[in-house]
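In case you want the letters, here they are:
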Amino acid sequence: MQSAQGTHIVIDKLVNGLERLAVDGEDKIRSANFVRLLQRLGFSEADAVLTCQYVDTDGGFRVSDLIRWMFREDCSCQVSKDMTALVLLESGGEKEYRILPWPNPSKPHLVKYFIYKDQDEVVVPGMELEPTGRGFRALQRLPLSLPSAAEIASWPLDLSLPQFQWNKDLLDKVRPVSAGERPWVIVLMGTPGIGKTYWMKHGTAEQKKAVDKEIGRILPWDNIFFKQIDDAIQHGARAELEKLWAECEKIEDPHECFRYYWSSKQQIFTRFAVDKPDVSESNPKPASYEFRLGVEIVKKLTQPGQLYNVAMETTGLTPGLVKFGLTAPHYAEYHKLVILVEMDDLEQARTITHSRLIREMNSCSMLGGEQFGKYLDVIAEKAKETFKVCEELARTKNKELDDAGSGGGRWHTYHLKQEFGLDPAVQQRIDEFYGLR
């Protein structure tokens, strides 16, 4: 097995090697130099040449594109400006997860990556690689080709256009709050696969009344616009997803198929929800597609005199993102509610998300996010930390409002613990996919 330290040394050597080969100080590398570097890192000459044929453009490559492309078989790597890496630190038998800049905080392209282990299980960076003896070899299949962040930034976001009919359909199911009624903004956070969406859409009246009772207010549960990142991705990236499902149908080996699907879906989510074009004179504050679309949707929902109740869901990985959303000016007069959703057994969540990704391939439809595996443990811990930040923020904001004698919207928090049995069909789908039945 390769140690965590060894893994970082190999990757650092690759990154440093790529930077040293850059042409005239630019973020570009000549093909011949890249082939030699790959051979030194354990690629066969044939694999190295094949790699170059896949990604060569105009006699060279961007360093960021090469790093993204190369970690595709043993790793799925996403490169995006201002991204960080989730690293597992081990000392004296103790394990600690930290968010750290990687590989170098002074470089513009920081890498966030995940490592495959144990039949498609995904573990976070820093944990040991399976001893394949192959090093970082070329993926046998071309990675999914996606439009650039700059191209996506040129797409129109007029919600009256036909491609946003899905948003109009959601809006038609709710109504603005009545005159004199204070609207609500709700954030549900927690690990994927634990039923956040299901609870919001199909939770029982008793479950919703339990929330009302604890926070001392009656919420309009039947009149809330549920804004989800999944809607933005599955409709905005529809062409890319359909291309991905078609490619997966051609892959016979289930392990290769799953890895290709998961890593490509990660790539799609990163491109549409995280990546943003470079700063320019015409676009001084660039943002991702999902962020820009979200701004347009929220504008529609928070027009003066026509306010809607809004609910959103997130993993809770980033406390600042939750705080930024809730403290935005357009929610100034809203009541706020942050719900931490937790599950009694995270192993069930790992099984559910694994099975859900397989079901997506089987049905050619997107049913949820892209995270699964041991990474869910990390999300669960970070969500708890973010919820604590929100609890303190709620206390501070409510005190400020009370001290000022303000009648403005108040802040509330609620801890929802999910307990439900695992449908046998969930595990059965996984077993059948891998031919274990």
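Only a predicted model underlies this, so the values are computations on that prediction, with no experimental measurement involved.

Scoring rules and cut-offs
- Residues numbered from 1 in each chain as written.
- Predicted model: local features only at pLDDT ≥ 70, side-chain atom pairs only at ≥ 80, totals over all residues.
- Heavy atoms only, no water.
- Helix = DSSP H or I, 4+ residues; strand = E, 2+ residues; numbered from the N terminus.
- Buried < 20%, exposed > 50% of the residue type's maximum accessible area, 1.4 Å probe, protein only.
- Contact = heavy atoms within 4.5 Å.
- Areas by Shrake-Rupley, 256 points an atom, 1.4 Å probe, with all protein chains shown as cover.
- pLDDT = per-residue confidence, 0-100.
- Core = buried A, V, L, I, M, F, W, Y, C linked by side-chain atoms within 4.5 Å.
- Expected span 1.5 Å × (residues − 1).

Student: Can you walk me through the overall build of the protein chain in this structure?
Tutor: When its secondary structure is counted, the protein chain shows 16 helices and 14 strands. Burial analysis of the protein chain (437 residues in total) assigns 51% to the buried set. In the protein chain, once contacts between residues fewer than 6 apart in sequence are set aside, the share between residues at least 24 apart is 75%. Accessible area of the protein chain: about 21,200 Å², with a carbon and sulfur share of 49%.

Student: I'm lost on the confidence of the model for the protein chain in this one. Help?
Tutor: Detailed reading of the predicted model is not advised wherever pLDDT is low. Confidence in the prediction of the protein chain, expressed as mean pLDDT, is 74, and 67% of residues score 70 or more. Counting contacts from residues 54–65, a segment whose pLDDT is below 50, to residues more than four positions away or on other chains yields 35 contacts. Within the model, pLDDT remains below 50 along residues 67–142, and this stretch shows 215 contacts once partners closer than five positions in the same chain are excluded.

Student: Sorry, what's going on with the environment of R238 here?
Tutor: Within the secondary structure, R238 is located in helix α10 (residues 238–248). Relative accessible area serves as the criterion here: at 33%, R238 is assigned to the partly exposed category. Residues in contact with R238, not counting those within four places in the same chain, are I233, W245 and C364.

Student: What should I look at first to understand unusual backbone geometry in this one?
Tutor: Comment: phi is negative for the bulk of residues other than glycine, and the bulk of peptide bonds are trans. Of note in the backbone geometry, C364 takes a positive phi value of approximately 55° without being a glycine. Structurally, the position occupied by C364 is in the loop between α14 (346–363) and α15 (375–403). A relative accessible area of 27% means that C364 is categorised as partly exposed.

Student: Please explain the nonpolar core as it appears in this structure.
Tutor: Across soluble globular proteins, nonpolar side chains show a tendency to be buried alongside one another. Core analysis: the biggest nonpolar cluster contains 59 residues, and I233, F258, I268, L293, Y331 and M361 have the highest contact counts within it. Element by element, the count of residues in this core is highest for helix α11 (residues 254–273), at nine residues. Non-local contacts of I268, meaning those with residues more than four positions away in its chain, are made with L144, L146, I233, A237, E240, L241 and L244. The next biggest cluster of nonpolar side chains, apart from the first, holds 27 residues, and it includes I186, W199, V211 and A311.

Student: Where do I start with α11 in this structure?
Tutor: Because each turn of an α-helix spans 3.6 residues, side chains separated by three or four positions in sequence point in the same direction. Across its 20 residues, α11 extends 28 Å between first and last C-alpha, which sits within 8% of the 28 Å expected from 1.5 Å per residue. Burial runs high along α11: 17 of the 20 residues are buried.

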